[in-house]
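# Secondary and tertiary structure notes
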Amino acid sequence: MAADFIKYQVAVNVYAFSDKYTDIASLGQVYYYPSFHSAIHKDKLRHELARDLTRETAWEAVMRIRCGKGVRFTSYHRNFMLRYTDLLALPAVNCDKAYAMQFALEETLLTTQIVYFQVALLYPSLVLSSLEKPKDDEFSLEFLLGHAITFISSHQQSWLENFSL
């Protein structure tokens, strides 16, 4: 399923409210509210949903990572699709995302004490948030959920035409 998400540039953010074990795999952010109670979690949910819907996001990005001779990447961590050994497909990138790479030194190839890395992020110039911020920065939970549902509903048909589970 992850390959299909990447193919159609879909990022999935999950809001989990279960108090039982749930296996969650996502290509986006996971927000967890154990044993959800609105009196306890309302402000946290409002803040995280507002942040999720209003931060600037770059869509359909790719990241290329290169390193010097004698260094190789052994593993990558976070939500992306590895297209080649040095090219990551990222459906949605924003300022809150972080990616990690582990590398190994191949001593026989090292010719110097200096190791270098080059990282390039390429994305379309159109950077959007899903929802424009109100001037007073006040969000009611109903306002946010209503706009999220409207946004999803307005795009659902085009996504469903191109995507099947």
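The preceding data block contains the structure.
The rules behind the values
The residue numbering used here restarts from 1 in each chain and proceeds along that chain's sequence as written. In keeping with the model being predicted, local features are shown solely for residues with a pLDDT of at least 70 and side-chain atom pairs are shown and tallied solely at 80 or more, while totals for entire chains, interfaces and linings include all residues. The basis for the side-chain values is all heavy atoms of the structure; hydrogens and waters are excluded. Under the DSSP-based scheme used, a helix requires at least four consecutive residues in state H or I and a strand at least two consecutive residues in state E, with every element numbered from the N terminus. Buried means the residue's accessible area, taken with a 1.4 Å probe over protein chains only, is under 20% of the maximum for its type, while exposed means over 50%, and partly exposed covers the values in between. Aromatic contacts are taken between Phe, Tyr and Trp rings whose centres are within 6.5 Å, Trp giving its six-membered ring; a plane angle under 30 degrees counts as stacked, one over 60 as edge-to-face, and the others as tilted. Either the NZ atom of lysine or the CZ atom of arginine qualifies as a charge over a ring when it sits within 6 Å of the ring centre and within 35 degrees of the ring normal. Should any heavy atoms of two residues lie within 4.5 Å, those residues are counted as being in contact. Like-charged residues within 9 Å of one another, or nonpolar side chains (Val, Leu, Ile, Met, Phe, Trp, Tyr) within 5 Å, are grouped into patches, provided each residue has over 30% relative accessible area and no salt bridge. Values of accessible area rely on a 1.4 Å probe in the Shrake-Rupley scheme; residue burial ignores everything except the protein chains shown. Salt-bridge detection follows one rule: a side-chain nitrogen of Lys or Arg within 4 Å of a carboxyl oxygen of Asp or Glu. The criterion is simple. A nonpolar core is a set of buried Ala, Val, Leu, Ile, Met, Phe, Trp, Tyr and Cys residues joined through side-chain atoms within 4.5 Å.

### Some details on unusual backbone geometry
Positive phi, normally seen in glycine, also occurs at serine 35, with a value near 45°. With respect to the element layout, serine 35 can be found in the loop between β2 (30-32) and α2 (38-54). A positive phi angle, close to 60°, is found at glutamate 60, a residue other than glycine. With respect to the helices, strands and loops of the structure, glutamate 60 is situated in strand β3 (residues 57-67). Residue glutamate 60 is classed as partly exposed on the basis of its relative accessible area, which comes to 47%.

### Points about the packing of aromatic side chains
If you walk through the whole model with that rule in mind, you get nine aromatic pairs. Seen from their ring centres, phenylalanine 80 and tyrosine 99 are 6.4 Å apart, and the 65° between their planes marks the pair as edge-to-face. In this pair, phenylalanine 80 is assigned in the loop between β4 (71-77) and β5 (81-84) and tyrosine 99 in the loop between β6 (87-94) and β7 (100-105), connecting sequence segments 19 residues apart. An aromatic cluster is built from Phe73, Tyr76, Phe80, Tyr99, Phe103 and Phe117, whose rings are joined through pairwise contacts. Here the guanidinium or amino end of lysine 44 rests over the ring plane of tyrosine 33, the centre of that ring lying 4.6 Å away.

### Regarding the environment of isoleucine 24
On the secondary structure map, isoleucine 24 appears in the loop between β1 (14-16) and β2. Relative accessible area serves as the criterion here: at 31%, isoleucine 24 is assigned to the partly exposed category. Separated by 10 residues in sequence, isoleucine 24 and valine 14 place their C-alpha atoms 8.2 Å apart. Apart from the residues within four sequence positions on either side, isoleucine 24 is in contact with Val14, Ala16 and Val30.

### A closer look at a nonpolar patch on the surface
Together, Phe103, Leu105, Val115 and Phe117 make up an exposed nonpolar region whose accessible area comes to about 340 Å². Mapped onto the fold, phenylalanine 103 is located in strand β7.

### Quick look at the nonpolar core
As a rule of thumb, soluble globular proteins bury nonpolar side chains together. Membership of the largest hydrophobic core is limited to 10 residues, which are Ala61, Met63, Ile65, Phe73, Tyr76, Phe80, Leu88, Leu90, Val93 and Tyr99. Looking at this core, the elements with two or more residues in it are β3, β4 and β6.

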